[in-house]
Structures are given as C-alpha cells and as structure tokens.
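Understanding the architecture of this molecule
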Amino acid sequence: MRFVVPDDAAGARLDAWLAGAGGWSRREVQDMVEAGRVTREGGPAAKSHRLVAGEVIEAEALPERTVEGPDAEYRIVVEDDHLAIVAKPAGVVVHPAPGTRGPTLVDALARVMALAPAAGGSRPGIVHRLDKDTSGLLVVAKTDDAYRGLVAAMQARKIARTYQALVAGVFGMPAGRIEAPVGRSQRDRTRMAVAPGGREAVTEFTVSERFERPAPASLLEVHLHTGRTHQIRVHLAHIQHPVVGDTTYGRAAAGLARALGLHRPFLHALRLEFVHPVTGIRIEAIDPLPEDLRRALSDLRSVPN
C-alpha cells in the first residue's frame, strides 16, 4: 500500500499514523517496520520517524501466521502473580513474526497464564526476546504493572542478562567491550549488521576458557547492556570471533561446529538478575547449559591442547 502524508499528519510518529491510515494495530506496524516492510521515500523507515507532509510511505502487510502442531516446549523457573521467568529451549520462536510457522512460546504461555496486554496483541507479556535457536532464560510479564516496570528497568539497564557463548578464535585479553551500532543490513534485509545510523548497542564479555584444538576457540560470558536484534551474534562476528554454530553470521566457524556436532549457535541465556518491579525483591535465576551445548563443551575439553 502507498500513502502520501497529508499536511495535517506532519510531525506525527510514523507507526502511530500508519496504524490508523492502514487499518493495522500499532504493534503490527512496528513489526512491519522491523521486518523491512515499510519504506519512506524508497528507503528504510524508522517507527519513531516524525512525518513530513508530502512524503511517500509504502507498506507491505505481514503474511498471515499459521500455527501448527503441539504447544512449544518451555520450563517455568520462577513465577508469581506478576511475572514468570521461563527457560526456552533452542528451536522455539518467542512470538509471532513474519514467516513464523508452528507454535510459539507466547501461544503456549497464553494457554496457562495471563499475559500483560500492554506488550501488544501479537506478543502479550514479552519484555525481551531470544532468537529462535538461542536457549535460556527470559522474563515475561503477567500484568501491565509488571510489564511497565520491567520495560523501564530494561531501558535503564537494571536487568542483568548473562549469556554463555563459544566463539571462534582465542583472545589475548581477559575481557572486552564492544560498542557498535546495530541496524538492518542494507544488502540483506533479513540480517542485522554493524552499520552507521544503527541503534546504540553495547556488549561486554569475559573469557572463561581458551582452546587451541581442534581449532582455536574461546568460551565467553557475555553481558548485554542493550538488546538489539541478533546483537551478540552480530557484535562477535564484527570483531572476527563469530559464535560457533551460527550459520548466519558465523560461517567461518563451520568446521569447528561440525567437529563438535553443533546444529545451532552455541549461545545460551544463562542468568537473569533484577529487582521485582512490584514486590521490590531481588531475583536471580540461572539455567544451566542444555545437553547439546554441555556435550559439545565436554568434547572440546577432552581434546589435548
């Protein structure tokens, strides 16, 4: 659909105005923007863009979602009346998205608990996401008060998220910090990239173990300060240490992934720490490495260096 911004819409946010103009929800428009299905004057559009009278906005609606098969698997680690911390296995999609087929975590959770509607129609309760093939912990809100509190804490960087990642190559330093903006790739709109004009993204890491055989590799503990799409995978690939098993950003480590029998990225959301937005109680949850990553790490440790 093609829209020409009228004079009376000048200054409005793109996502709010387009929702009304196109008959979509604001969340649907935001999903369309994230999927690269909204353009402004022929180029990428930002959902927060302030409209200019006369500019041309084109939008392509998301395809309809088909849910097939049984509920997605998950495990509840912490739960009360306000929120739940869920351990998601690899292979499970968190919420409906363009091209999604099969059950999602949101579909499964909605059958057993209330989820905060403030998060949006297609992703109720979702405060932050994990990639489909990333395992581990995420927090979901059951009430709008909890959702608003968790989002505010996330924006203030008061929710500590720690991941474990196995990456190609050996570091000469014990720790590092990556500050590089992340945005959608201009060459492939399905991928993210470090790019000028992208959103601020900050990743810190410490080196837990180093390996020399069968190929140089490092086990990292990674701390997210921001939560951009694919941030850890993009940042580590950017510094030439891609996540082992990542077929999108880490093809250079494909040989090591095959040697370890990995069929997905070695990336796991290990720990969540935050202050409960309603009760004020400090919460820490840990989800140990799942069997496939434990096995790969054990195999790597068994090779003499």
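The sections below set out a description of the structure shown in this document. As the structure is a prediction and not an experimental result, all values here were calculated from the model.

Calculation criteria
Residues numbered from 1 in each chain as written. Predicted model: local features only at pLDDT ≥ 70, side-chain atom pairs only at ≥ 80, totals over all residues. Heavy atoms only, no water. Helix = DSSP H or I, 4+ residues; strand = E, 2+ residues; numbered from the N terminus. Rg over C-alpha atoms; globule rule 2.2 N^0.38 Å. Buried < 20%, exposed > 50% of the residue type's maximum accessible area, 1.4 Å probe, protein only. Contact = heavy atoms within 4.5 Å. Areas by Shrake-Rupley, 256 points an atom, 1.4 Å probe, with all protein chains shown as cover. Lys, Arg positive; Asp, Glu negative; His and termini not counted. Charge placed at Lys NZ, Arg CZ, Asp CG, Glu CD. Pairing = 2+ DSSP bridges. Axes fitted to C-alpha atoms, helices over the stretch in contact; angles between N-to-C directions. Core = buried A, V, L, I, M, F, W, Y, C linked by side-chain atoms within 4.5 Å. Polar contact = N/O pair within 3.5 Å; in protein donor to acceptor, adjacent residues only side chain to side chain. Salt bridge = Lys/Arg side-chain N within 4 Å of Asp/Glu carboxyl O.

A short note on the overall build of the protein chain
The number of helices and strands found in the protein chain is seven helices and 15 strands. For 305 residues, the compact-globule estimate of 2.2 N^0.38 gives 19 Å, and the protein chain sits close to it at 20 Å. A principal-axis box enclosing the C-alpha atoms of the protein chain has dimensions of 70 × 45 × 40 Å. Here the protein chain, with 305 residues, has 47% of them falling under the buried criterion. A separation threshold of at least 6 residues defines the contact pool for the protein chain, and within that pool the share at least 24 residues apart is 65%. Here the protein chain has roughly 14,400 Å² of accessible surface; of this, 49% comes from carbon and sulfur atoms. In the protein chain, 39 side chains carry a positive charge and 36 a negative one; their mean positions are 3 Å apart.

A word on the sheet that holds strand E2 (residues 38–40)
Hydrogen bonds along the backbone pair up the strands of a sheet, which may run parallel or antiparallel. On the basis of which strands lie adjacent, the open sheet formed by four strands has the order E1-E4-E2-E3 and antiparallel pairing. Each edge of the open sheet is held by one strand with a lone partner, namely strand E1 (2–4) and strand E3 (43–44). Judged from the two bridges that link them, E2 and E3 form a sheet pairing that is antiparallel. The residue bridging Thr39 from the neighbouring strand is Pro44, located in E3. Strands in contact with helix H1 (residues 14–22) are E1, E2 and strand E4 (56–59); relative to E1, the strand with the most contacts, it is inclined by about 115°.

Here we look at the nonpolar core
Counting residues in hydrophobic clusters, the biggest one holds 31 residues, and the most contacted among them are Tyr163, Leu220 and Leu236. Taken together, the elements giving at least two residues each to this core come down to strand E6 (83–88), helix H3 (105–110), strand E7 (135–141), strand E8 (160–168), strand E12 (202–211), strand E13 (217–224), helix H5 (231–238) and strand E14 (267–275). Counting residues per element, this core draws most heavily on H3, which supplies four residues. What Tyr163 contacts, discounting residues up to four positions off in sequence, is Leu130, Thr134, Leu220, Glu221, Val222, Leu224, Ile232, Leu267, His268, Ala269 and Leu270.

Description of the side chain of Gln231
Looking at the element boundaries, Gln231 is found in helix H5. A polar contact is formed between the side chain of Gln231 and the backbone oxygen of Val202, at a distance of 2.9 Å. Ignoring any residue separated from it by four or fewer positions in sequence, one finds Gln231 in contact with Ala201, Val202, Thr203, Leu224 and Thr226.

Regarding the pattern of salt bridges
Should their charged atoms come close, side chains of opposite charge can pair. If you walk through the whole model with that rule in mind, you get 19 salt bridges. With its nearest N and O atoms 3.0 Å apart, the salt bridge here joins Arg148 to Asp145. Of this pair, Arg148 and Asp145 both sit in helix H4 (residues 144–155), three residues apart, which is roughly one turn of that helix. A cluster of three or more residues bridged by salt bridges with shared partners is formed by Glu34, Lys47 and Arg129.

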